[in-house]
Each structure stands twice: as C-alpha cells, then as structure tokens.
Amino acid sequence: MKGKGPLLGTAGEKVLMSGNEAVARGCLEAGVSVVTAYPGTPATNVVEALGEVAPDLGFWAEFSVNEAVAIEVAAGAAFSGVRAMMATKMLGVNLIADALTVVTVTGVRAGLVIVTADDPQQFSSQNAEDTRFYGMLAKAPVLEPADGQEAKDMAKYAFELSEQLELPVFLRITPRICHSSFPVELGELTKPKRDGKFVKDKKRFVMISTYSRPRQKLLREKMEKAKLINDQNRWNRIVDFQNGKQFPKGAVFNTFGIIASGLTYPYVEEVVEVLGLSARVLKLATTFPMPENLIGSFIRELDQVMIVEEGDNVTEMQVRALAQHRRLTARIIGKDDNILPWSGELNPDIVGDALGKVFGKKFREELTEPYVEAEKLIQPRIPALCAGCPHRASYFAIKEAIRKKGKGGSVMGDRGCYNQGAYEPLEGMDTCICMGASIAMASGVFHSGSSEPSLAVIGDGTFYHAGIPSLLNAVHNRSNITVLIFDNSITAMTGHQVNPGSGQNLMGRPAPFTNLKKVVEALGVEHVRVINSFDTKALVAAVMEEVDYDGPSVLISRSPCALVVERNLRKRKLKMPVAVVDVDKCTGCKVCMKKIGCPAFGWSQDPKPHMEVLSHCNGCGLCMQTCPFNAISIPGKKEGVLGMTIRKEVPK
Amino acid sequence: MNIVLAGVGGNGVVLTTRIIAEAALKEGTDVRVGEVHGLAQRGGTVVSHLRIGPDAKGVLVPQRKGDMLLAFEPLEALRQLKLLKKGAKVILNNEPFIGVDSHLGLSKYPDVCQIVERIQATQDLVDVDATHLAIQAGSVIMTNVVMLGTLSASNELPISRDSLLAAIKARVPQTMVEANFKAFELGEKAFRDWQAARVCEPHPDLSN
Ligand SMILES: Cc1ncc(C[n+]2csc(CCOP(=O)(O)OP(=O)(O)O)c2C)c(N)n1
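Cut-offs applied
- Here the residue numbers are simple positions, counted from 1 along each chain's written sequence.
- Whichever chain is written first becomes A and whichever ligand is written first becomes 1, with later ones labelled in order.
- Under the rules for a predicted model, residues below a pLDDT of 70 receive no local features and side-chain atom pairs below 80 are neither given nor counted, while totals for whole chains, interfaces and linings still include all residues.
- Only heavy atoms go into the side-chain values, all of them from the structure, while hydrogens and water stay out.
- Think of it this way: one heavy atom of a residue within 4 Å of a molecule or strand is enough to make that residue near it.
- Here a polar contact is recorded for every N or O atom pair within 3.5 Å, except that within protein the pair must consist of a potential hydrogen donor and a potential acceptor, and residues adjacent in sequence are included only if both atoms are side-chain atoms.
- In short, Shrake-Rupley with a 1.4 Å probe defines the accessible areas, and a residue's cover is counted only from the protein chains shown.
- Runs of H or I in DSSP of at least four residues are treated as helices and runs of E of at least two as strands, each being numbered from the N terminus.
- Think of it as three bins: nonpolar holds Ala, Val, Leu, Ile, Met, Phe, Trp, Tyr, Cys and Pro, charged holds Asp, Glu, Lys and Arg, and polar takes everything else, Gly as well.
- The domain limits used here are those given by an automatic or database domain assignment.
- The cut-offs for exposure are 20% and 50% of the maximum accessible area for each residue type, with area from a 1.4 Å probe on protein chains only; residues under the lower value are buried, those over the upper are exposed, and the others partly exposed.
- For this analysis, residues touch if any pair of their heavy atoms sits within 4.5 Å.
- Put simply, a salt bridge is a Lys or Arg side-chain nitrogen that is within 4 Å of an Asp or Glu carboxyl oxygen.

K.L.:
Please clarify how the site of the ligand should be interpreted in this entry.
P.N.:
Residue and element names in this part refer to chain A. Of all residues adjacent to the ligand, which total 25 residues, the nearest are Glu67, His391, Gly461, Thr462 and Ala492. Asp460 places a polar side-chain atom, nitrogen or oxygen, 3.1 Å from an oxygen atom of the ligand. With respect to the ligand, the side chain of Thr462 contributes an N or O atom lying 2.6 Å from an oxygen atom. Look at the ligand: alone it shows 590 Å² of surface, and the protein chains cover 98% of it. Going through the elements one at a time, α4 (90-106) and α18 (460-476) are the ones with two or more residues in the shell around the ligand. Residues of the shell around the ligand, tallied by class, amount to ten nonpolar, eleven polar and four charged. Looking at which domains feed residues into the shell around the ligand, each of domain 1 (5-231) and domain 3 (390-566) supplies at least three.

K.L.:
Explanation requested: helix α1 (residues 19-29) of chain A in the structure shown.
P.N.:
By the criterion of burial, α1 of chain A is predominantly enclosed, with eleven of the eleven residues buried. Among the residues of α1 of chain A, Gly19, Asn20, Glu21, Ala22, Val23, Ala24, Arg25, Gly26, Cys27, Leu28 and Glu29 of chain A are the ones counted as buried.

K.L.:
Explain the environment of Leu70 of chain B here, please?
P.N.:
Along the polypeptide, Leu70 of chain B turns up in strand β4 (residues 66-71). In this view, Leu70 of chain B contacts Val4, Leu5, Ala6, Thr16, Ile91, Met147 and Leu151 of chain B; residues no more than four positions away in its chain are not counted.

K.L.:
Please clarify how unusual backbone geometry should be interpreted in this entry.
P.N.:
Peptide bonds are mostly trans, and most non-glycine residues show a negative phi. Residues and elements named next belong to chain A. Looking along the chain, the bond that leaves Thr41 and enters Pro42 is cis, with omega of 5 degrees. Examined against the element boundaries, Pro42 turns out to sit in the loop between β2 (34-37) and α2 (44-57). Geometrically, the link from Phe288 to Pro289 is a cis peptide bond, its omega value of -15 degrees lying close to zero. Within the element layout of this structure, Pro289 appears in the loop between β13 (286-288) and α12 (292-300). In this model, Asn243 sits at a positive phi of 45 degrees, which is unusual for a non-glycine residue. Position of Asn243 among the secondary structure elements: in the loop between β9 (237-242) and β10 (245-248). Judged by its relative accessible area of 57%, Asn243 falls in the exposed class.

K.L.:
Would you mind showing me how to read the interface of chain B and chain A here?
P.N.:
Facing the 61 residues of chain B at the interface are 62 residues of chain A. Salt-bridge contacts for Glu21 of chain A lead to Arg18 of chain B; the nearest nitrogen and oxygen are separated by 3.3 Å. For the pair chain B and chain A, the interface holds 23 residue pairs in polar contact (both at pLDDT 80 or more). At the level of elements, α1 (13-26), β2 (31-36), β3 (45-52), α2 (74-79), β5 (84-93), α3 (100-103), α4 (112-120) and α7 (161-171) of chain B are the ones that each hand at least two residues to the side of chain B that touches chain A. Counting residues per element, the side of chain B that touches chain A draws most heavily on β2 of chain B, at six residues. Residues of the side of chain B that touches chain A, tallied by class, amount to 25 nonpolar, 15 polar and 21 charged.

From the geometry alone we can't say anything about function, so treat these as descriptive.
Here you go:
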C-alpha cells in the first residue's frame, strides 16, 4: 500500500477504510497521546497504522513486550492525565486482567481505551473466548460498533465515556470489523497532549487492601451511572419494520422484537428486509453494562424478543435477568434455545435461519444438486511453512536428532509461525496452548517422571513475551529440558512486527538490540549455543548432546525469516538463487517432499515423473540434504551451506 | 451488486478488491468489503466479498446471492461457488496452485477440467489464461490486473473503465503504470476473444 493511506485524510472527506484503520483514525480524532499494543491478529494493524504516523503527529506508540506490560504502560499514561489506548487480540485480554481488575478500582484520570479483537470464528486464535466477560469481571464498559463509521466514531467516544466514568472502556471488534472495509466520513484530528504529570494520591493509586476496599462501593456507583449513560447512547437505536419496510420507532405496531448487538445489526436488517418481516429492532452498541431502562421498556411492549449476538450468550443472560427482575413476561429466545448457534461467527444466512424458523420463512437459498455435486470436489488446504523458512530446517534437525537418539521424546510447542510445522510431514511440535507455555510444560513433562527426553520449541518473539519467567523457573527448579528458541529476529506470524531482538521500535526508530544469548545466560542456563538454523549437522549434534545433559539447556536456532530475506534481496535488486532438479537423476521417489514438505516443490510427468522446483523457491538448500540420489543442486553454490551463505549476504 | 473474489495468498485478492471498491466509492456508490485472509502466509485460501450499491449492507454475501465471481485459482473458485446465483458469471484464471498436502497425498487436488465442468454446470464461465497474459505484459504479479481488465470488459460492473484505471494508477508504483495498463488491456482482449469463441459453442444449460 502506498503512503499513509486514508489515516490522515482531511475532515469531511469520505474514504474507504478498514475497521482497524477506522479505529486508529478515531483515536487520532480523540487526540490520543500514548498507544501501546502487542501484535495479535486481527487487531495488529490498528497500532501498526498509528506507529507510522506517531513521530509526525507527536504522540508515543509502542509494541510492548506483552499485553500485560502494554496495559500497564497505557494505564500509567492515563494516570498521568493523557489519553491512552491499548490494543490486543482477545487472548491478550487474559494477560491484562490482573492489572485491569485493579485499574477499574483506581479509575483513570484521562481516557483509557482497550481495543479488543475477538475471533469467534477462530480464523487465527487458539480459542474463541468472549472478552465481554472481562468487562463484567473488571467492571469496565464495553462498546461494540456495527460498521467502519461507528468503529471510528465510537473509538473517539470511548475516550469521552472513559473520562466521564473515570473507568477504562473496552471497544470490542471482530475480524468482520477489523478486516472489512467501509466508507468512512472523517472528523477533525485533535492535537495530542504531551504534558502528562502523575499527581500523587495514595488512597486512590496505592491499592493495598486498606485503600482498595472502600473503593469497591465507588465502582458499584460507577456501574449504575454507566447504565444511565448507556440508556442515552446515540448508537443504541430502535427502529420498527413492517413487512420489511423501515419506520421510526412507534410508527407501526409490533409484538416481536430483536436485540442485535454490534455488527450483527446489518445482518438482521438485511434478513428482515429481504424476508419482509415485521419486527421492532433494538440495535445495541453498549453491551456492558446494559442500558437497563432502554431494554426494559423495549421488551415491556413485546411478546417475544430474539437476542442476536456473536460470542457467548452475554446479552441474553443479562436480558433474561433483567426481565425476571422487572417482572416482564416477554419470551426471550436466542442461544439458550439453540435457535442461534453457540460457536462460530454469525452471518446473514445464520441469522436468516433463526428468524426464518420463527416466521416460517426461508432466507437461505438452498444449494441445488449441481452445487452439492461441486461441493464434493472441494478439498481443504493444509497450511505449510513458507519456502525457505528456517523453522523447517530446525524441525528437520530436531527430528533427525530424536530419531538418531532412539529414546523417543516430546516437543512442547508454543505459538508462532512454527505452528505450521505441526502438520505433516514435519509433525515437529506436540502441543500449542498459549504463548509461553512450551518451556514450563516441558518442565512439567520432566517432573512427571517421564523417561523420554523433554524438549520445548519457542520463537524469539514468544520467548520475550512469556518465555523468560518459565526458563528462569526451569533453572530454579532444575528441569532437565532442552529448549530450542527459533530466532528469526522478528514476530513473523502476525505480519512481521518488531520485537526486542529486531533493533528497531514500532515507530521505525533504532532500539537496543537485545542479546538473546546473554539474556538466557543471565537467567542461569549453563548450556547455551547459537547455531545457524540451516547448519543441520551442527544442530542435530547439539540436540543429541543437550538431551543427555542433566539440566536445562538452550539452543538458539537463528536465521532470518525467509520472507524478510526475499524482501531484502528484492530491494537490493539481487536475484534469488533457486534449486534445480536433475531430471535424469530424480527417480520421483518424493523423499525430499516427504521429509520437508516444501511448497516450492512441484511435480511433473514430462518426460518422466520427477520433482520440479517452482518459481517461489528461494534457494535455502535444505532439500539438497534430503535427496538420496543427489538430484537437487543450486547452480554455482556448494551443497549444504547455501542457506547460511545467502543469509550472511543480507544485512540485518 | 454482490461480487466475490477468491484465490490463494499471493494472488492479490485483497488488493484487487480494494481497487474495485475505491473506484466504486469515487463514483459515489456505496460499498462494503469483507475479507478473510487468515494467516499472512502464501498459499492459504483468501476470499473477499464486495458489495456495491443497495446491497452494501453487512459485509458478507449470503449463500447464492452473489452476482459474480472473480477467481484467481480453480479450486478456490469451486470453494466459493455456493455464494453464487445460478447463471452468475465466473471469471477464472485457470492456473492451479497445488499445495504440499496434495503432493503428499494428504488431500487430492481435483482435476482442473473436472472443476471447470462443475462450475459450468451452474455458472457462466469465462476462463482466462491470466497468469500467462501477465507474464506477457511484463510480470506475473500483474495477473490480478489482467483479471480486472477481463472483468471490466464483461460490462457487468457498475463502474466505468476510467475509474478502474484511475484506481489502479493510484495503487501501483509510477514506473509500473504503463505495464499495468497493458495487462489490463490484455485482460479486456481476453474477454473479447472468449466472446467471439463462444458464438460457435452451445450455451451452457442453465435450466436446472
Ligand atoms: C496472548 C497472545 N497474544 C498474541 C497472540 C498472537 N500471536 C500468535 S503467534 C505470535 C508471535 C509469534 O512470534 P515468534 O514467537 O517470534 O514466532 P514467529 O512467528 O516469528 O516464528 C503472536 C503475537 C496470541 N496468540 N496470544
């Protein structure tokens, strides 16, 4: 994408923006002073976009080492009287909970907005948790936009609400907001404040129990105030439909109602219009705390109300409780009746199925026989590591070492691009739970009394994020484990974000280059080695030795991400080396493919069955080591060292 | 109007969708774009939903309500078939992307002719050799622009050729504008050639 895109467009202009860009713009219109985040799809680009413009506009934007740190930096700024935003994918909200549940007790002095991207369809997440529960747990209001315009406007408003209540506020979005694009009319930018100052107030900010306990009452009062504010929220809107035509509230009579939260509203609107339904619809933007008077009076006039929401039955539960509390008799339907599904994202067809059931109509167009026949041919695509990915070489070596040792062994995995190595043919890691889990779980396997070698695999980004405490724990508690840190010096999985090992910060400024080996040594690990990921021989030998060592050992398998190497080569107008297959020597046994599963391999029958190398090979050379017939080579390069030599040519 | 764009990572699906959407918005038409690209890596399924005009409501095209499919890869075309109305046009680049899983026998990439047949059973298929036309124009990376040319020539879009060209120009490096316009024209020509050839072929049976 060229330039800074629509983020800095002029007020009044209508531009095409992704939901993430819209949220970022909303923050700029609010005059945000401090922005923090840890990368996580689908929220990452909110802050990437802001990082690019921060130096010019004069505010601070950072990728913090993890979400817990990010919220604390942001809260520190908000304590000091300037507006702060923290962005994370929903899994990161688990990490911020410790701070958040106390920051709601202290409250904030300037707006603190937490942008959380939930992923109900699990496009790129280990679970499908609903972060609205964290709003309820910590007592922080939750706002949910229905489209890009609202994402921008509500991001800005979230700061105002946060200041009105002196509470952190969640803006909950999902991939269908983040990665969708909408026309958005821009507002005025606000100059960020840079004169923060922390004014001491121990009874408010020193949350030892003596000072914290009395503040619980205040928090309760804030929740009551928030409900009244939410009753008036301008994005909570009631409209009446008669035979699919829209009328202002009350212009026509309805007995059936729908509460549609966040981005489900456009789905509901489409289904109601297409099917020509008659219903009163409440478009709900404030999903916590509930605008009780608004919802109470909405359901009082109806016989039946359907709750449409993505994620868990958060609104449904609250509406049921409210109805019981206010002795309202309307029948409330939704997930509890299995009219709407419990898992996965919603879409117009699913909402159509649910409303269709109630009204005895059909929204979803059936798939007739030829479509069903066509569907039968469809195959899933199993993701693979990229061509030239150093993780492939590392897995190849670990597998070789375990095979040669012949004692079995488990590899506790972590979260990163290396997850692709769990698929066939590499099957190189045996678990993926959450960021940082690998090392501690390997300790657990060891302490279980297992006689097999216990290994862990973790990326450099994930090691900085959550691996350091668990490695220290392994040292302190004498775990006999072998840890491989796959160091590509970047956070690749989420789209190449910087981390403490990248030598650069989010705003593109030089940052201290963390010496990973020294960090590991300082934690007390006595066996630490740095090995080039493509030096298979050395890596295999090292794994075999360290598995025998009685104590925690660390092997840093280092080589830059292949996509970064490619990009650098292209920038320098250098040609990518590619492997070639000697058709006479290749027997078509596919051993290369079966050992490393590289996507740059193709297959040809002409003139006889043989492997071929496709255009996106970048000459890492790993395949050369796998061929029993020496049929693969890289012209002009020596065998086996190729991955290393190319990578040395490329500057950091 | 509902348009679906499908391909694999690296095909330029997202960029192509943005170009059309920006052109539409410049002409004052309402638009929504919904995208799924999962992981940023190459070779994964990518699909985007583009809704123009009165259909621009939610970001997702409901099942069998799509008016058109621009497919950069045969298997990905098949995957999105269920979103199309019967008889809706499919512009297909018939260059398959066969992944590691197929080579290892973990899944089986269907025969491309069979894919084409299945698509033709319900849709009006225009297949273009976009990859090779792009190479002819200068580089395989302009495959998506060839496809845009074909789409434009099909006259199905409520967006003018000039607006599309302007949107392309705004997106590509200055030095590449000419080559991209050439790719666009080759795509247009491909559509005209297809039309000419079709005169002698029986029209696909769309009765069931
Ligand atoms: C708590 C949490 N935050 C963020 C993410 C998103 N995420 C998945 S993997 C990853 C980082 C991977 O980086 P690294 O370990 O360096 O591996 P690489 O992808 O570079 O190989 C991130 C941020 C997540 N899954 N969980």
